[in-house]
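Survey of secondary and tertiary structure
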Amino acid sequence: MPENMLEQIAADLVQRAVKAGATAADAVVREGDEFSSVLRMRKIESLKEAASKALGLRVFVGTRSASSYSSDFSTASLDRLVPRTLAMARATSDDPSSGLPEREWLGKHDGDLGLYSDDVHALSTDDRIAMARRAEEAALSADPRIKNSEGASFEAGEGTKAYANSLGFTGSYRASYCSFSVVPIAQNHDGGMQRDYWYSVARGAKGLDSPEAVGRKAAERALRRLGARKVPTCRVPVIFDAETARSLVGHIFEAVRGDAIYREASFLAGKLSARVAGENISVMDDGLRPGGFGSRPFDDEGVATSTMPVIEKGVLKNYLLNCYTARKLKLKTTGNAARGIAGPPGVGPKNFYLVPGAHSPLDILRSVRSGFYVTELIGFGVNTVTGDYSRGASGMWIENGELAYPVEEVTIAGNLGEMLKNVGMIGSDLEFKSALAAPTLLVEGMTVAGT
């Protein structure tokens with residue numbers, strides 16, 4: 001369905017709600033296609049292709065609000081949806097913070113953000129399966145110790161999202177993505193087995209890495225884990241590779257979300273303009289990065305997207321806000337409203353990342369005499385309220401600046417506030433594979449709990 005038709009559906013739904021008695025309303029409409037295939041040991045295990053469409057309506061009656069959704073776009077369905085949503089809104093409590101954006105906040109980026117690539121649609125089903133098959137084949141043939149596979153997969157999606165509200169805003173954009181991954185299993189002479197993975201993801205097929213390169217890297221990662229052991233409990237420097245460092249950035253995002261701040265459920269609450277990290281730490285939220293997985297011309301309340309510092313040289317500059325959390329905090333929205341089809345908008349990242357440094361990952365590794373190189377994190381032992389951090393981990397032990405042997409079944413512990421102040425080196429290897437991104441990071445003085 002063309003973008004302008006989805007915009008018209010959203011605008012018509014809003015108009016229906018206002019005519020029926022809503023003091024304000026907004027609507028989101030989505031249409032798209034999804035594909036996924038999984039194969040294991042060269043045989044296809046699952047194949048799914050689906051098209052979907054859905055719309056969501058939010059209405060306001062004064063400061064009361066409610067939302068509903070449907071996958072049925074028929075006139076009869078919408079005739080039922082609007083009055084039911086209004087009835088729910090009238091039954092809720094008043095909330096002075098609810099409402100649409102101020103009219104002057106509305107807007108959208110007019111340039112091409114590179115969110116859609118037509119070569120995703122052009123890939124045939126056989127092409128897609130072949131990429132996963134090539135990745136698994138490369139992993140299986142990389143070394144005789146690669147004995148098995150948990151599988152390889154290919155996923156793709158493309159779709160259009162439209163938004164309209166009763167302040168006169170309408171807008172839409174198309175987006176696409178594709179990715180593949182492989183999970184080989186390595187086995188040594190005594191029967192010990194280890195698994196690991198690698199993947200590639202991009203907005204378009206041309207941006208994907210070679211399946212053979214991904215398969216070989218996945219095999220290398222699995223092989224280096226063979227013979228893993230525990231280490232004695234100690235306090236040492238810890239290097240997070242770019243994949244695991246991304247999770248640290250995710251914890252920062254959770255701590256600067258407006259809903260965590262107004263509830264005072266974050267260790268960063270009340271710290272705007274205060275130093276919260278080392279001077280070498282800067283974190284950005286960039287909605288205008290070409291091809292970024294968090295890029296978009298406007299947020300899910302019709303506010304123009306932007307680029308904004310969150311932490312600048314260690315100083316907390318901004319929280320991330322939608323209209324509701326901004327009103328709670330008596331601040332202005334930062335254009336971070338994120339909404340599914342159902343429910344009101346939450347707060348989501350754009351392209352939220354830690355600014356890279358000048359050090360290569362090899363330089364960082366060579367700087368550590370004895371420490372732990374983390375390649376996988378397990379569990380969710382992070383308390384955003386206090387900043388306390390404790391997660392299961394595996395990776396490689398570092399001796400004299402080199403990876404010495406694999407380590408597993410240990411726990412790394414610290415406090416996010418202290419960790420942000422003790423980042424000794426920042427890598428230059430920033431790569432965007434999701435809306436969250438980080439380069440390799442060296443954190444001084446964490447506890448590694450083992451034997």
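Structure first, text after, so check above.
So, here's what we can say about the structure. (Residues numbered from 1 in each chain as written. Predicted model: local features only at pLDDT ≥ 70, side-chain atom pairs only at ≥ 80, totals over all residues. Heavy atoms only, no water.)

Observations regarding the sheet that holds strand β14 (residues 351-354)
The test is simple: Two strands pair under a simple rule: DSSP has to find at least two bridges between them. Secondary structure elements are defined from DSSP: runs of H or I of at least 4 residues count as helices, runs of E of at least 2 residues count as strands, and each element is numbered from the N terminus.
Sheet architecture is open: five strands sit in the order β11-β10-β9-β14-β19, paired in mixed fashion. The two strands at the open ends of the sheet, each matched to only one other strand, are β11 (315-316) and β19 (436-437). Both strand β9 (residues 283-286) and strand β10 (residues 307-312) contribute to a ladder of four bridges, which runs antiparallel. Bridging from a neighbouring strand, Asp285 pairs with Met308 of β10.

Focus on unusual backbone geometry
Quick reminder of the rule: We call a residue buried when its accessible area falls under 20% of the maximum for its residue type, exposed when it is over 50%, and partly exposed in between, using a 1.4 Å probe and counting protein chains only.
You will see that Met41, though not glycine, has its phi angle at about 50°, which is positive. As for its placement among the helices and strands, Met41 is situated in the loop between β1 (24-40) and β2 (43-61). Residue Met41 is classed as partly exposed on the basis of its relative accessible area of 26%.

Considerations on a negative patch on the surface
What counts is decided by this rule: Candidates for patches are residues over 30% relative accessible area with no salt bridge; among them, like charges are joined within 9 Å and nonpolar side chains (Val, Leu, Ile, Met, Phe, Trp, Tyr) within 5 Å. Using the Shrake-Rupley algorithm and a 1.4 Å probe, accessible areas are obtained, with residue cover drawn only from the displayed protein chains. By definition here, a salt bridge exists when the distance from a side-chain nitrogen of Lys or Arg to a carboxyl oxygen of Asp or Glu is within 4 Å. In this tally, Asp and Glu contribute negative charge and Lys and Arg positive charge; neither His nor the terminal groups of the chain are included. By convention, the point assigned to a charge is CZ for Arg, NZ for Lys, CD for Glu and CG for Asp.
Where like charges cluster on the molecular surface, the negative patch consists of Asp33, Glu34, Glu49 and Glu155. Considering the arrangement of structural elements, one finds Asp33 in strand β1. A residue is classified by how much of its surface remains accessible, and Asp33, at 38% relative accessible area, is partly exposed.

A few points about helix α6 (residues 242-256)
Side chains that are three or four residues apart share a direction in an α-helix, a result of its 3.6 residues per turn. Convention followed: Expected span of a helix: the number of residues minus one, times 1.5 Å.
Taking 1.5 Å of rise per residue, 15 residues should cover 21 Å, and α6 covers 21 Å from first to last C-alpha, within 8% of that figure. Of all 15 residues that make up α6, twelve are buried, and the element is covered over most of its length. By the burial criterion, the buried members of α6 are Glu243, Thr244, Ala245, Arg246, Leu248, Val249, Gly250, His251, Ile252, Phe253, Ala255 and Val256.

Thoughts on the pairing of β10
Inspection of the sheet shows β10 paired to β11 by two bridges, in the antiparallel sense. Looking at the pairing, Glu312 lines up with Val315 of β11. In textbook terms, the turn of a hairpin is the stretch between consecutive antiparallel strands, and for β10 and β11 this stretch comprises two residues, one of which, Lys313, has a positive phi near 50°.

Here's the deal with the packing of helix α1 (residues 3-19) against helix α2 (residues 75-91)
Threshold: Fitted lines through C-alpha atoms give the axes, limited to the stretch in contact for helices. The angle between two N-to-C directions lies from 0 to 180 degrees. Should an angle lie under 35 degrees it is considered roughly parallel, over 145 roughly antiparallel, and from 65 to 115 roughly perpendicular; all remaining angles are considered oblique. Crossing handedness is defined as follows: a turn of the near helix away from the far one that is anticlockwise and smaller than a right angle gives a left-handed crossing, while the clockwise case is right-handed. By definition, residues are in contact when any of their heavy atoms lie within 4.5 Å. Only Asp, Glu, Lys and Arg are considered charged, only Ala, Val, Leu, Ile, Met, Phe, Trp, Tyr, Cys and Pro nonpolar, and every remaining residue, Gly among them, polar.
As a packed pair, α1 and α2 sit with axes 10 Å apart at the nearest point and diverge in direction by 50°. Judged by the angle between their axes, α1 and α2 are oblique. Where α1 crosses over α2, the handedness of that crossing is right-handed. Judged by residue contacts, Leu13, Arg16 and Ala17 of α1 engage Thr75, Leu78, Asp79, Leu81, Val82 and Leu86 from α2. Of the residues in the contact of α1 with α2, the class split is six nonpolar, one polar and two charged.

With respect to the packing of aromatic side chains
The condition is simple: Centres within 6.5 Å are what make two rings of Phe, Tyr or Trp a pair, Trp counting through its six-membered ring; a difference in plane orientation under 30 degrees is then read as stacked, over 60 as edge-to-face, and the rest as tilted. Whether a charge sits over a ring comes down to the Lys NZ or Arg CZ being within 6 Å of the ring centre and within 35 degrees of the ring normal.
For the structure on display, the rule yields eleven aromatic pairs. Measuring from ring centre to ring centre gives 5.8 Å for Tyr163 and Phe169, while their planes differ by 50°; the resulting arrangement is tilted. Ring pairing ties together the aromatic residues Tyr163, Phe169, Tyr173 and Phe298, which thus form one cluster. Lying across the ring of Phe73, Lys53 places its NZ or CZ 4.6 Å from the centre. Directly above the aromatic system of Tyr199 lies the positively charged group of Lys433, at a separation of 4.3 Å from the ring centroid.

A look at the environment of Arg275
With respect to the secondary-structure elements, Arg275 resides in the loop between α7 (258-262) and β9. A C-alpha to C-alpha distance of 42 Å links Arg275 and Ala156, two positions 119 residues apart in sequence. Leave out the neighbours within four places in its chain, and Arg275 touches Lys313, Gly314, Val315 and Lys421.

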